[in-house]
Amino acid sequence: MSDGASPGRKRSAKSRSPVSGLEIDVLREAGDWESGTEETVRRAAEHAFVVTRGGEAAELCIVLADDELVAKLNKAYRGKEGPTNVLSFPAAEMPDTGVPEEAFARSIPLLGDVVLARETIAREAADQRKSFSDHLSHLTVHGVLHLLGHDHLEDPEAEEMEALERDILEDLGVPDPYAAERSGH
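Residues numbered from 1 in each chain as written. Predicted model: local features only at pLDDT ≥ 70, side-chain atom pairs only at ≥ 80, totals over all residues. Heavy atoms only, no water.

1. Considering the packing of aromatic side chains
Worth spelling out the cut-off: Two rings from Phe, Tyr or Trp (for Trp, the six-membered ring) form a pair when their centres are within 6.5 Å of each other. A pair whose planes differ by under 30 degrees is stacked, one over 60 is edge-to-face, and the rest are tilted. We count a stretch as a helix when DSSP gives it H or I for four or more residues in a row; a strand needs E for two or more, and each element gets its number in order from the N terminus. Only protein chains enter the accessibility calculation, which uses a 1.4 Å probe; a residue whose area is less than 20% of its type maximum is buried, one above 50% is exposed, and one in between is partly exposed.
Counted according to the given criterion, the structure contains 2 aromatic pairs. Centroid distance Trp33 to Phe132: 6.1 Å. Interplanar angle 55 degrees. Geometry classified as tilted. Residue Trp33 is located in the loop between β3 (22-28) and α1 (37-53), and its partner Phe132 is located in helix α4 (residues 132-147); the two are separated by 99 residues in the primary sequence. You'll find Trp33 and Phe132 in the same group, each marked buried. When the centroid spacing of 5.3 Å and the interplanar angle of 75 degrees are considered together, the rings of Tyr77 and Phe89 count as edge-to-face.

Okay, structure coming up:
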């Protein structure tokens with residue numbers, strides 16, 4: 001997802017957190033994102049990183065996209081039709097670009113990219129009666145945890161990942177995103 005500026009792309013100021021050592025680059029690639037979105041995703045990503053990795057140095061990119069872009073990525077990389085709320089592209093699993101590996105040598109490990117779909121997130125938040133900001137925080141945390149090697153393919157993994165998400169989100173003041181599922185509503 002990294003370079004190759006497009007006409008509507010706006011890159012945030014890249015900054016390294018003195019607390020976590022995490023450097024986060026936020027790209028407004030597509031979609032009508034509200035002001036303050038960058039701060040919401042930075043805060044959620046940084047907290048997920050701090051809770052799981054501590055003070056290690058690393059870098060990641062968060063791409064603010066729309067359903068159209070996410071649908072294209074979902075089709076190209078996952079073989080699935082239509083948009084989804086969040087896609088994670090761990091650096092270790094990114095496709096071979098043909099560029100020599102030493103071109104990517106860096107002193108700070110690259111975790112990968114998290115891509116968020118504006119319209120899908122808004123629709124889900126409304127359907128689930130959650131604030132957009134809370135749902136965005138949850139999906140950012142979810143995406144970052146995928147970059148850090150967490151998954152939810154098997155029930156024990158899913159339970160562990162959801163518990164970690166709940167703990168991180170609680171620290172951020174975000175209500176349990178799975179409460180309705182567990183109560184049967």
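From this point, the narrative continues.
2. Here we look at the nonpolar core
What counts here: Each nonpolar core is a collection of buried residues, namely Ala, Val, Leu, Ile, Met, Phe, Trp, Tyr and Cys, held together in the definition by side-chain atoms within 4.5 Å. Contact between two residues is taken to exist if any of their heavy atoms lie within 4.5 Å; hydrogens are not considered.
Of all hydrophobic cores here, the largest spans 32 residues; its most connected members are Leu60, Ile62, Leu111, Leu116 and Val141. Where this core is concerned, the elements lending two or more residues are β3, α1, β4 (58-65), β6 (110-117), α4 and α5 (155-171). Looking at this core element by element, the count peaks at 7 residues for α4. In this view, Val141 contacts Ala44, Ala48, Glu165, Ile168, Leu169 and Leu172; residues no more than four positions away in its chain are not counted. Cys61, Val63, Leu73 and Ala117 belong to the second largest nonpolar core, which has 10 residues in total.

3. As for α4
Formally: Helix span, as expected, comes to 1.5 Å for every residue beyond the first.
The terminal C-alpha atoms of α4, which comprises 16 residues, lie 23 Å apart, in line with the 22 Å expected from a rise of 1.5 Å per residue. With 14 of 16 residues buried, α4 lies mostly within the body of the structure. Looking one or two residues past α4, Gly149 carries a phi angle of roughly 100 degrees, positive in sign.

4. Re the pattern of salt bridges
Heads up, the condition is: Salt bridge, as applied in this entry: a Lys or Arg side-chain nitrogen positioned within 4 Å of an Asp or Glu carboxyl oxygen.
Counted under the stated rule, the structure contains 6 salt bridges. A salt bridge links Arg28 to Glu38; the shortest N-O distance between them is 2.6 Å. Here Glu38 lies in helix α1 and Arg28 lies in strand β3, a separation of 10 residues in the sequence. The partner of Glu81 in a salt bridge is Lys75, and the shortest N-O contact between them spans 2.7 Å. On the basis of relative accessibility, which here comes to 62%, the residue Glu81 falls in the exposed class. Accessibility expressed as a relative area gives 43% for Lys75, which makes it partly exposed.

5. Considerations on the pairing of β4
Here is the rule we go by: Whether two strands pair comes down to DSSP finding at least two bridges between them.
Counting buried residues in β4 gives 8 out of 8 residues, a clear majority hidden from the surface. Side chains of β4 alternate between two faces, with Ala58, Leu60, Ile62 and Leu64 and Glu59, Cys61, Val63 and Ala65 buried alike. Of the strand pairs in this sheet, β4 and β6 are connected by 7 bridges, and their pairing is parallel. When the sheet's bridge partners are listed, Leu60 is paired in β6 with Gly112.

6. Some points on α5
Here α5 is 17 residues long and its end C-alpha atoms lie 24 Å apart, about the 24 Å a rise of 1.5 Å per residue gives. Summarising the contacts, the buried residues of α5 are in contact with α1 and α4. Following α5 by one or two positions, Gly173 has its phi on the positive side, about 80 degrees.

7. Structural notes on unusual backbone geometry
Comment: phi is negative for the bulk of residues other than glycine, and the bulk of peptide bonds are trans. Phi at Arg129 takes a positive value of approximately 55 degrees, unusual for a residue other than glycine. Take Arg129: it is sitting in the loop between α3 (118-127) and α4.

Don't take any of this as a statement about function, it's just geometry.
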